[in-house]
Amino acid sequence: MKFHTLFFDLDSTLYPESNGMWVMIRQRIDLYMRDRLGLSPDEIPALRHDYFTGYGTTLRGLQAHYGIDPQDYLNFVHDLPLDDYLQPEPQLRQLLLSIPHQRWILTNSDLDHVNRVLNKMEIQDCFDGIVDVWALDPYCKPQREAYQRALELAHAPDPQGCAFLDDSIRNLAPAHEAGFFTILVGGEGSDPAVDRAIADIYDLRASVPELWDGFITSNNQ
Ligand SMILES: [Mg+2]
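Notes on the structure follow. Quick caveat: nothing in here was measured; it's all calculated off a predicted structure. (Residues numbered from 1 in each chain as written. Predicted model: local features only at pLDDT ≥ 70, side-chain atom pairs only at ≥ 80, totals over all residues.)

## Let's talk about the nonpolar core
Counting residues in each nonpolar core, the largest one holds 51 residues, and the members touching the most others are F7, F8, I105, L106, A150, A163 and F164. Split by domain, this core shows at least three residues from each of two domains, domain 1 (5-16 + 87-213) and domain 2 (21-77). Ignoring any residue separated from it by four or fewer positions in sequence, one finds I105 in contact with F8, L10, V114, F127, I130 and V131. (Core = buried A, V, L, I, M, F, W, Y, C linked by C-beta atoms within 7 Å. Buried ≥ 20, exposed ≤ 12 C-beta atoms within 10 Å, placed from the backbone. Domains from an automatic or database assignment. Contact = placed C-beta atoms within 7 Å.)

## As for unusual backbone geometry
In the segment running from D137 into P138, the intervening peptide bond is cis, with an omega of 5 degrees. For P138, the location among the structural elements is in the loop between α7 (133-136) and α8 (144-153). Phi is positive for S12, which is not a glycine, with a value near 65 degrees. If you trace the backbone, S12 turns up in the loop between β1 (5-8) and α1 (21-35). (Helix = DSSP H or I, 4+ residues; strand = E, 2+ residues; numbered from the N terminus.)

## Description of helix α4 (residues 70-77)
Within α4, the full set of buried residues consists of Y73, L74 and V77. For α4, the angular spread of the buried residues around the axis is 95 degrees, confining them to a single face. Looking at α4, the residues exposed on the side facing more than 90 degrees away from the buried face are Q71 and D72. Tucked into the core, α4 has its buried residues touching α1, α3 (58-66) and α6 (111-121). (Arc of directions from axis to C-beta.)

## Topic: the environment of L59
Residue position: L59 is located in helix α3. Owing to 23 C-beta atoms within 10 Å, L59 belongs among the buried residues under this scheme. Residues L59 and V133, 74 residues apart in the sequence, show an inter-C-alpha distance of 9.7 Å. With residues up to four places along the chain from it excluded, the contact list for L59 reads P70, Y73 and V133.

## With respect to the sheet that holds β1
One open sheet accounts for six strands, arranged β3-β2-β1-β4-β5-β6; its pairing is parallel. This sheet does not close on itself; its edge strands, each paired only once, are β3 (129-131) and β6 (196-198). Along the sheet, successive strands turn relative to each other by an average axial angle of 25 degrees, direction set aside. Along the sheet, helix α9 (residues 169-178) makes contact with β4 (162-166) and β5 (181-185), crossing β5 at roughly 175 degrees. (Pairing = 2+ DSSP bridges. Axes fitted to C-alpha atoms, helices over the stretch in contact; angles between N-to-C directions.)

Below you can see the structure in the form of structure tokens.
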């Protein structure tokens, strides 16, 4: 299949989980549940786990059970000093721009956070578009409808011509089932839903040279 479009997850995919930012976002989520909703710290980890597994994200679970204002939640959990975690990434910028295909962001995060992160890394102009949690509403990864929505928004009707990069096998699995070529970033790679595993985003050129050659085949096809 001629290859034409890449979808990139944002958090812990375009920057490494080891920079500590995602851990801080999780702490802000706990803080939100404690301070805004008055939940006891004892029950928060189990609830967060239930919402994550049952609804895809804590946000969707809190919307369903507490009717929270999603914008207020997103502002709160992303209220972080990004300078502490991110810096300009000229090499990543070069790498992304060298990929001769459409490049999209596909994230359960929101546009404000995405833009702040991309600006801080100075890679904001490397993407043709952003599919965020607002664009996916009422769905989110790993719900099947989220990937369908992303394909429609990117005007990419055939998933066989698309690759999807994410640090979560859970998020890769439905994409793989739909026919995307799936790339696990920064994780262990022996799962049928993973076509290729790479150590980090900088490993893309060496580990998935097909992206530059133009042809690619998922083990699902
Ligand atoms: Mg991620």
